[in-house]
Every structure is written in structure tokens, then in C-alpha cells.
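Observations on the model geometry
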Amino acid sequence: MNILIFGPNGSGKGTQGAVVQKKFGVPHIETGVIFRDNIKKGTDLGKKAKAYIDKGDLVPDDITVPMILNRLKEADAKNGWLLDGFPRNLAQAEALYKALQQAGMKLDYVIEIVLDRDTSKKRIMGRRLCANDNNHPNNIFIDAIKPAKKDGGFVCRVCGGSLSARADDQDESAIDKRHSIYYDTKTGTLSAVNYFKDRVKVLEVDGLPGVKEVSESLLKKLA
Ligand code: AMP
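Residues numbered from 1 in each chain as written. Predicted model: local features only at pLDDT ≥ 70, side-chain atom pairs only at ≥ 80, totals over all residues. Heavy atoms only, no water.

1. Brief notes about the layout of surface pockets
The calculated volume of the second largest pocket comes to roughly 620 Å³. Forming the walls of the second largest pocket are 26 residues, and the residues nearest its centre are Arg 36, Asp 37, Lys 40, Leu 129 and Asn 134. Every element with two or more residues in the lining of the second largest pocket is listed here: strand S2 (28-30), helix H2 (31-41), helix H3 (44-55) and strand S5 (127-130). If one sorts the elements of the lining of the second largest pocket by residue count, H2 sits on top with six residues. Tallied by class, the residues present in the lining of the second largest pocket amount to eleven nonpolar, five polar and ten charged. (1 Å grid on protein atoms, 1.4 Å probe; cavity = no way out; pocket = protein on both sides within 12 Å on 5 of 7 lines; lining within 4 Å. Points joined across faces, edges and corners; volume = space filled by probe spheres on them. Helix = DSSP H or I, 4+ residues; strand = E, 2+ residues; numbered from the N terminus. Nonpolar A, V, L, I, M, F, W, Y, C, P; charged D, E, K, R; others polar.)

2. Considering the site of the ligand
Surrounding the ligand, one finds 16 residues, the nearest of these being Arg 36, Asp 57, Gly 85, Arg 88 and Gln 92. Interatomic distance of 3.0 Å between a side-chain N/O atom of Asn 9 and an oxygen atom of the ligand. Of the residues that constitute the shell around the ligand, the class distribution is five nonpolar, six polar and five charged. (Near = heavy atom within 4 Å. Polar contact = N/O pair within 3.5 Å; in protein donor to acceptor, adjacent residues only side chain to side chain.)

3. Quick notes on the sheet that holds strand S4 (residues 109-114)
The sheet built from five strands is open, its strands ordered S2-S3-S1-S4-S10 with parallel pairing. Lying at the two open borders of the sheet, with one neighbouring strand each, are S2 and strand S10 (202-206). Averaged over all pairs of adjacent strands, the angle between their axes in this sheet comes to 20°, without regard to strand direction. Pairing of S2 with strand S3 (residues 81-84), which is carried by three bridges, proceeds in the parallel orientation. Residue pairing in the sheet places His 28 in a bridge with Leu 82 of S3. The sheet strands contacting helix H1 (residues 13-24) are strand S1 (2-6), S2, S3 and S4, and the helix crosses S1 at an angle near 165°. Sitting on the sheet, helix H8 (residues 189-197) is in contact with S1, S4 and S10, with an inclination near 140° to S1. (Pairing = 2+ DSSP bridges. Axes fitted to C-alpha atoms, helices over the stretch in contact; angles between N-to-C directions. Contact = heavy atoms within 4.5 Å.)

Listed below in C-alpha cells is the structure:
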């Protein structure tokens, strides 16, 4: 099962991606997570990517495209994958589609979580990351996934792990830049979504309702 999931930063794409991952048992491959892991470990890739990520710019395609195409060849992705955060522009969409065709692989589902820019921005600033598991959703502005309270602070609502906010989630100019890339229908992420709309059926899901409602409507469409 090969799946792409699109949605602006702050739309709940990661949270819903975890639901899809659970349903199909395929690895959830998130470009942003791969970059952040590399930054944490101080690898060459991480060093190259950091400056772009801090500003909210895209890491150049000549770094990102081979990184992802190689990741899809790893053993755990043999029976499928859920790709999240890639492709993020038209050139990446074309590169992925070409690579899949060459490998004789098809896309089973392309999901688009639709959410307006203002709501996405508000949600992004409330997002918190669990130290134990990136798939534990926590957001201080969303009641359904509000972190648990402990000792006057917040901990992960799923496992009690410590929480942190991503620096690029608290920087308004970085958020605006990321959203300008996402909502750009000429060469940005929405142009990649439209590229797939011309080729395969894209499942559109309204991201405005609560987490549970969005999951339900998504799972119904995937049934
Ligand atoms: P995310 O965790 O998806 O919000 O990604 C965090 C940051 O990683 C982005 O703002 C970009 O700087 C970088 N990044 C993630 N995915 C891509 C991609 N497909 N192409 C280029 N840069 C990316």
C-alpha cells in the first residue's frame, strides 16, 4: 500500500498520518522527521539542512529527492509506505511520479487534508512534540489532544513523556514562509497536489472539524 498525505503545516496531517499508518501497518515516512533526526545526530545531511529548516525554506531538491527515493527502497518499506511532507513542490512531484513509474509501483491513495491558512497557523503554534514518540499528538490549543498537566507544566497526553515546541513552529515568519510554499498553486505544494489530481484520484478530507471527526471521515474514504 503506497500512500501520499498532503496538508498544510498545522492541519493535523501528522496526527491523521499516524491513523493511516496504524490502519495499513506501513512505515510513516516524514521528511521533516528525517531532517530533524539528522540535525540531532549532527550528520552531514543535518548540517546542510539546518539553515534552510530554521528559516522555513525548503531544503534543496538535490538533497531531498535522493534522500527520500533511497528511503523508499529500505527493507521496512518493501510492502508499502506512507509518505508525509514529500513531495512539497512540483519538481519533487514529477521526480517521485517518474521514479514510481520506473519501479513499476503505483500510488494506492493520495490524501489531501484541506484547511485554510489562518486556522493552520493558529494550530501550528500550539503544537508540542513528545520526546518518546513523534506520533503522540499534543496541541495546547486543541481540546481533543491537549497535553496532560503535571507539576504546573504539560506532559504528553499519551505516555507522560516530556514535551517541546519546535523552534520553527514558534517563529511567525518561518510559519508564513512554510505556508506560502504550501498554498502556492504555481510551483509549491498545492501545485504538486494538482499534479496528482490530474493523474490519480485524490481523497479530499476537510481538516476543520475535531481530530476524531477528521479521522472518521478519512477512514471512511479509505474503506
Ligand atoms: P515539516 O516537519 O514537514 O514541517 O518539515 C520541516 C522542515 O523540513 C520544512 O520547513 C523544510 O525546511 C524541510 N522539509 C520537509 N520536507 C521537505 C521537502 N519535501 N523538501 C524540502 N524541504 C523539506
